[in-house]
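The residues making up each chain are set out below.
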Amino acid sequence: MTSPSGARGTARPATTNPHPATGPAPLVLSGATVVLPTGTVENGRVIVDGTRIIGAAPENAPVIDVTGHWLVPGFVDLHNHGGGGASFTSGTVDDVLKGIRTHRNHGTTTLVASTVTGDMDFLAQRAGLLSELAEQGDIAGVHFEGPFISPCRKGAHAEALLRDPDPAEVRKLIDAARGQARMLTLATELPGGIDSVRLLAEHGVIAAVGHTDATYEQTVEAIDAGATVATHLYNAMPPLGHRTPGPIAALLEDERITVELIDDGTHLHPAALRLAFHHAGAARVAFITDAMDAAGFGDGRYLLGPLEVEVSEGVARLVEGGSIAGSTLTLDRAFKRAVTVDRIPVQDVVAAISANPARLLGMSDRIGSLEPGKDADLVLLDHQFDLKGVMRRGEWVVDPQLG
């Protein structure tokens, strides 16, 4: 595990050129059940030309028969700390790229890299490194989770490094990310919280309510100030009560809020997940991984920021105190579980795992659905919803080898 002192590096050329000068001939993927914004199409087809999806295929375009499979848009992860044994918070550039590749192999074609609580100067340095990778197209931006969170709901964040959300310090992180800050999670009830939400909204950065001990009324105030996301709803916030409803009720009932959910079987009971879908509706749910280094890698000892984590049977917990410390989830597993265990309709799962996060990122003109003109980002699943192929910008990341 690389320590923070080993985090410095220089960004390298993007792993996939988003706009190559030339590309292969148009390709037709035919016979799958294709999930579109308007519904599912049996025996459908998707036509790829270079990096884009197009509406019509030229004569004699090669055809790949994907009958018996599902074709869905590439997954979009708003909240991800690492994978493949590599950390986005403390790793070198090569480590970050390794983590990105790990999640791409599991269907995540667009990813926002998340940090954890740390010293302000260190977080600013991380923002600079990650912003270079965002400028090159390897990630879709930076998400700061902490340090402006409640010590009462700190989860796997170092309490000694927590601080109140001073708008000047929030601005420091925004500036350090050079236009690539996408989201910041904060406890809006803390001193400076509401002013920080307003600052984030003014700069086009998502203000996410999370790791919070807020009341219902305080959460409503934050939403009115411009907060638009609930960071991993239910987790690291007061439980829903019938006399003191707390933040969960406020976040579920307000149509301006998109709620993040971690569907790994550890963070949420299936009934809690179904409640969120039922009350918020599929258009306001975003599946995330909240993954840490062990995702796609295995059990063992890791560091999350300065804190030691033990991963056993795929569940990550702090060595000291036992708090859940992120997840080892990948979005292909979340997709399968949502359909087969939670019984969420496939089209609703696609909205939560692709379209809704793309909209939040302001990227729905390029990603999030299988429509002509958009990036050729897609995932091929078999009839049991196991991943068989991944394409990103017209190139196979995971080749289905179907002929």
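Calculation notes
- Residues numbered from 1 in each chain as written.
- Predicted model: local features only at pLDDT ≥ 70, side-chain atom pairs only at ≥ 80, totals over all residues.
- Heavy atoms only, no water.
- Salt bridge = Lys/Arg side-chain N within 4 Å of Asp/Glu carboxyl O.
- Helix = DSSP H or I, 4+ residues; strand = E, 2+ residues; numbered from the N terminus.
- Buried < 20%, exposed > 50% of the residue type's maximum accessible area, 1.4 Å probe, protein only.
- Pairing = 2+ DSSP bridges.

A. View of the pattern of salt bridges. Here the structure, examined in full by the defined rule, presents 18 salt bridges. With a closest N to O distance of 2.8 Å, Asp-224 and Arg-256 form a salt bridge. Of the two residues, Asp-224 sits in helix H5 (residues 216-225) while Arg-256 sits in the loop between helix H6 (246-253) and strand E14 (258-261), which places them 32 residues apart along the sequence. You can call Arg-256 partly exposed: its relative accessible area is 44%. Because the salt bridges share partners, they merge into one network encompassing Arg-52, Arg-366, Asp-375 and Arg-393.

B. How the structure looks around the sheet that holds strand E13 (residues 229-230). Taken together, the eight strands give an open sheet; going across it, the order is E6-E9-E10-E11-E12-E13-E14-E15, and neighbouring strands pair in parallel fashion. Because the sheet does not close on itself, it has two edges, and the strands there are strand E6 (75-80) and strand E15 (285-287). Pairing of E14 with E15, which is carried by three bridges, proceeds in the parallel orientation. Note on E15: the bridge partner recorded for Glu-260 is Ala-286.

C. Highlighting the pairing of strand E18 (residues 315-318). The side-chain alternation of E18 yields one buried face, formed by Ala-316 and Leu-318, and one unburied face, formed by Val-315 and Arg-317. Pairing geometry for strand E17 (residues 307-312) and E18, over four bridges, is antiparallel. Paired with Val-311 across the bridge in E18 is Ala-316.

Geometric descriptors of this kind do not, in isolation, establish any biological role.
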